[in-house]
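Fold and geometry: a report
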Amino acid sequence: MEDCEWEDFTETPELPLEIIVYILSFLHASDRKEASLVCRRWYSASQDLRFQRDVTFCFPASASSLELIRGLGRKSRCSLIISQLDGFSLSRSLLLEVGVCLGPKLESLALPGSSITEASLLALLPRLTSLRRLDLRGLDSLFMSGAFLSREEHRQQVRSALSGLEELDLSDLRYLSDLTFNRLTGCTPRLCRLALAGCHIAFEFDPYRGCPVGTVEDSSALLSLRNLRRLLTEQKSTVVALDLSRTSITPESLRIIAQVQGLVLDELCLHGCKELTDYSVEVLVKHQPSLKKLDISACTELTNRSVEAVARGLKTLTHLSLSRDWRITEKGLADLLSVSSLRSLDLSECLHISGTEIVKGLTGSVAARAQLETLSLKSCTYIRDLEVFSLTQLLGDTLRELDLTSCVNVTDLSVRSIATYLHRLVVLRLGWCKEVTDWGLLGMVETTKCDPDNEASDKGPKFTRTFGNMGFFKPPRLPFEERPKLVTQNDLQQFKQQAGASLLALNRLQELDLSACDKLTDSSITQVVRYPDLHSLSLSMLPEITDASLASVAWHCRSLTSLALSHCPGISDRGVAQAAPYLQRLQHLYLSCCNNITDRSLFLLVQHCKRLRTLDISRCKNISMTTLELLQSQLPFLENVHYKFIGGADHILAL
C-alpha cells in the first residue's frame, strides 16, 4: 500500500522566477506584499527591480527603525519618509545609519514632523550622492539660527552630493531667509521642482527694514522676491514646477515671475493666494502658455474672466483646480471644457455651479472636447440629477474619479446613472448626499413612499387637536421629512435575480465614501459593497447600519486599508469580532462615538490588525485607558491614537 502511494506522488515543479514576476505584475502593491509571504521564492520575485521604482518606506523614528534601515541596505535603491525625528541620540543614530547603509542608494528623503539639528543633517547630506528629492518642509529648527550651511567647507560637501537634486520642498519654513535660501539652492544647480508654499516671502515691502524689497542686500530675516527671481533666472533651463501656495504674492509679483526670460513652467500652484486678481491670471496665461497643471484654488478674488483667460490661452492644460473660487459662475466653463487636453477639473465649493455649461462644453465631437478622468463637484449644491445623468453619459469612457460630496440635490437617479455608465470609476464620493437611499445603491426603482401616518396622499393642512404657533392646523409634511419605503426580503430576492445597474457594476472601485447618507441601511450595504480591490471606505454617520454591514464589508472587501465607522450606534463588539480576522491589511480605523464598542474590540484589533497606524476611539465611553495603553504597546506601527473623552469622561469637566 505504501509503495502505491509513493508511486502516485509526484513533486510539483517550481515555477521559474520570471513567471512568478510576471504573475505578480498584475497585482496591486498591497496584494504583492501579501503574495511575498508565501515562500522565499515568491519573496525574491516580489523584490524584482520593476516593482521597486516608486516604493517609499514610511516609518517613525524608533529603536526598531534601525534594523529596518539595515535591512533596506540590501536594495539597489529606495525612498524614505521618516517622521518624529528630534535632536536626541536615537535620532542622530538613525540618520547616521541612513547615511552608512543607504547613502548612495537613497533617491528621496522626507523628514515631516521633525526637529533635527543642523549638525545631524550636515553629517547626512554629503553621503546622499544619488538623491533626487529632498523634503525639508516645516523643519524650522534648521533655519532658526540663520547659520545653516554658513561654512564654505560644508557647502562644498553638500554641493558635490546634491548636484543631481531635482525636487526641493521648503514649504512652511518660518525662518527661511535670503542668506539660507541662497546657500542651499547654490548646492542644487539642476532643480526642476521648487516648493515654497506657506513661506514668509517679501514680495514688495520689507517689514523688518521698512523699505521696498530690492533696495538692500540679501536679508538675514526673510526671503525676498528679488532672490526668488534670481534663482529662476539662473536655473530657468531646468525649473518646470513652482509652488507658491499660501503666500502673499501680488499681481505685480506674479507678472515679474511669469516674465522671467527663458522660463517655461509646466506646473504652477497658487492655492490660497488671496491677493491675486483676474489681471494676474491673464498676464500669467500670456507669458506661460505651456502650463499643463495650474492650481488657483481658494483665490477668492478670481471671477469668470480668469476661466475665460485659461480657456483661451492654455491649450495644453491637463489639470486645473478652481476649488473655493466662490465668485466663479457657469460663464466660460463651456469654453474651458473644449480644451481637448484637459484631464482633471476641480470645481469643489464653487457655489454657483449648476453643471449646465459643463454639459454644454462636453457635447461637441470627442476630438474637440476634454476627456476628463477626474471631476470634483463637491458642495456644488445646484447640481441636480439631470446634470449628473448627462455627465455620466458623456464621460463614461474616461472618468475614473467623481466627487459629489454634499451635492444635496443628488438622488437615487444619479446613483443609478453612475452605476450604468461609469464602469471605469475607481473613486466615488457621495458623502452627505442625504437623498440617496438603499434603492439607488441596489439599482431598483422605489414605487411608493413609506407613510408613517398611513396617508394615501397629502391633501393639505388638517384640523388637529394640537395647539401651537401654527394655530389649529397641522402643516403639510416637508420633502425632507419623508422616509423611503423600507427594503423587504422580497425586494432583495428581486434584486438578486435582476440584471439592473446597481453599484455592484463598479467592480474597479478602490475608494467609496457614503458617509452621512443617513437613509442607507444594512439592506444595501450588505448586498452592494462587495469590491475586492476597495482600499478606503467611509460609512460614518449611518445610524441604521448594524454589525451585519461591518461583517459583510470585511468578508467581501479584504483589501481595505482605511475604514470609517464613526457615529454608527449600531456597531458593537460583535461586529468587530466578526470583521477583524478579515481586516489584516487595515491601517486606519475610525470608531469615534460608537458607544457599543468596548475593551473587547481593542483586544481583537491587537490580535488581528497588527498594521494599524491610526485609531480614533474618541467619545467611546466603554473603553478604558488601561486597555488603550496595552494596545499602544502591542501595535508597532501605531502612530496616531485619538482617545478624547473615552471611558465616560465628563465633557464639561474636560473642557
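Residues numbered from 1 in each chain as written. Predicted model: local features only at pLDDT ≥ 70, side-chain atom pairs only at ≥ 80, totals over all residues. Heavy atoms only, no water.

Digging into the overall build of the chain
The helix and strand tally for the chain stands at 26 helices and 26 strands. Within the span of the chain, comprising 655 residues, buried residues form 49% of the whole. Taking contacts inside the chain between residues at least 6 apart in sequence as the whole, the part at least 24 apart equals 78%. Total accessible area computed for the chain in this model is approximately 31400 Å², and 52% of it derives from carbon and sulfur atoms. (Helix = DSSP H or I, 4+ residues; strand = E, 2+ residues; numbered from the N terminus. Buried < 20%, exposed > 50% of the residue type's maximum accessible area, 1.4 Å probe, protein only. Contact = heavy atoms within 4.5 Å. Areas by Shrake-Rupley, 256 points an atom, 1.4 Å probe, with all protein chains shown as cover.)

Comments concerning the pairing of strand 3 (residues 106-110)
Burial analysis of strand 3 places four of its five residues in the buried class, which makes it a mostly covered element. Pairing of strand 2 (residues 78-83) with strand 3 involves four bridges; the strand directions are parallel. Looking across to strand 3, one finds that Cys78 is bridged to Leu106. In the classification by handedness, the crossover that spans strand 2, the intervening helix 6 (residues 89-102) and the parallel strand 3 is right-handed. Pairing of strand 3 with strand 4 (residues 133-135) involves three bridges; the strand directions are parallel. Pairing of Leu109 across the sheet is with Leu134, part of strand 4. The parallel pair strand 3 and strand 4, bridged by helix 7 (residues 118-124), forms a crossover whose chirality is right-handed. (Pairing = 2+ DSSP bridges. Right-handed = clockwise from strand over helix to strand, strands pointing away.)

Here we look at the confidence of the model for the chain
Scored by pLDDT, the chain comes out at a mean of 87, with 86% of its residues at no less than 70. Contacts of residues 463-474 to residues separated by more than four positions or lying in other chains number 13 contacts, the stretch itself having pLDDT below 50. Long-range and interchain partners of residues 651-655, a stretch whose pLDDT sits below 50, account for four contacts in this model, where long-range means more than four residues apart. (pLDDT = per-residue confidence, 0-100.)

Overview of the layout of surface pockets
One way to see where empty space is left: roll a probe the size of a water molecule over the atoms. Volume-wise, the largest pocket comes out at about 1700 Å³. Of the residues assigned to the lining of the largest pocket, the class counts are 14 nonpolar, 15 polar and ten charged. Of the pockets and cavities examined, the second largest pocket occupies roughly 450 Å³. What lines the second largest pocket is a set of 24 residues, and nearest its centre among them are Arg193, Ala241, Asp243, Glu267 and Cys269. Here the lining of the second largest pocket is built from residues that sort into ten nonpolar, five polar and nine charged. (1 Å grid on protein atoms, 1.4 Å probe; cavity = no way out; pocket = protein on both sides within 12 Å on 5 of 7 lines; lining within 4 Å. Points joined across faces, edges and corners; volume = space filled by probe spheres on them. Nonpolar A, V, L, I, M, F, W, Y, C, P; charged D, E, K, R; others polar.)

Some thoughts on the environment of Leu106
Tracing the sequence through the fold places Leu106 in strand 3. Judged by relative accessible area, Leu106 falls into the buried class, the value being 0%. Taking the C-alpha atoms as reference points, Leu106 and Thr129, 23 residues apart in sequence, are found 8.0 Å from one another. The residues contacting Leu106, other than those within four sequence positions of it, are Cys78, Ser79, Leu80, Val98, Leu128, Ser130 and Leu131.

So, the packing of aromatic side chains
Remark: the centre distance and the inter-plane angle together describe each pair of aromatic rings, the angle taken between the planes. On inspection of all chains with the given rule, the structure shows four aromatic pairs. On the basis of an interplanar angle of 65° and a centroid distance of 5.4 Å, the ring pair of Phe143 and Phe148 is categorised as edge-to-face. Of the two residues, Phe143 and Phe148, neither departs from the other in class, the shared state being buried. Plain terms: the ring middles of Phe389 and Tyr421 are 6.0 Å apart, the flat faces sit at 75° to each other, and that makes the pair edge-to-face. In this pair, Phe389 sits in helix 17 (residues 385-394) while Tyr421 sits in helix 18 (residues 412-421), placing the two residues 32 residues apart along the sequence. Among the residues examined, Tyr421 registers a relative accessible area of 32% and is labelled partly exposed. Just above the ring of Trp555 sits the side chain of Arg558; from NZ or CZ to the centre is 4.2 Å. (Phe/Tyr/Trp six-rings, centres within 6.5 Å; stacked < 30°, edge-to-face > 60°. Lys NZ or Arg CZ within 6 Å of the ring centre and 35° of its normal.)

What to know about helix 25 (residues 625-634)
All buried positions along helix 25 are accounted for by Thr627, Leu628 and Leu631. In a view along the axis of helix 25, the buried residues occupy a sector of 100°, so they form one face of it. Residues Thr626 and Ser633 are exposed on helix 25 and point more than 90 degrees away from its buried face. On its buried face, helix 25 sits against helix 24 (599-608), strand 25 (614-616) and strand 26 (640-642). (Arc of directions from axis to C-beta.)

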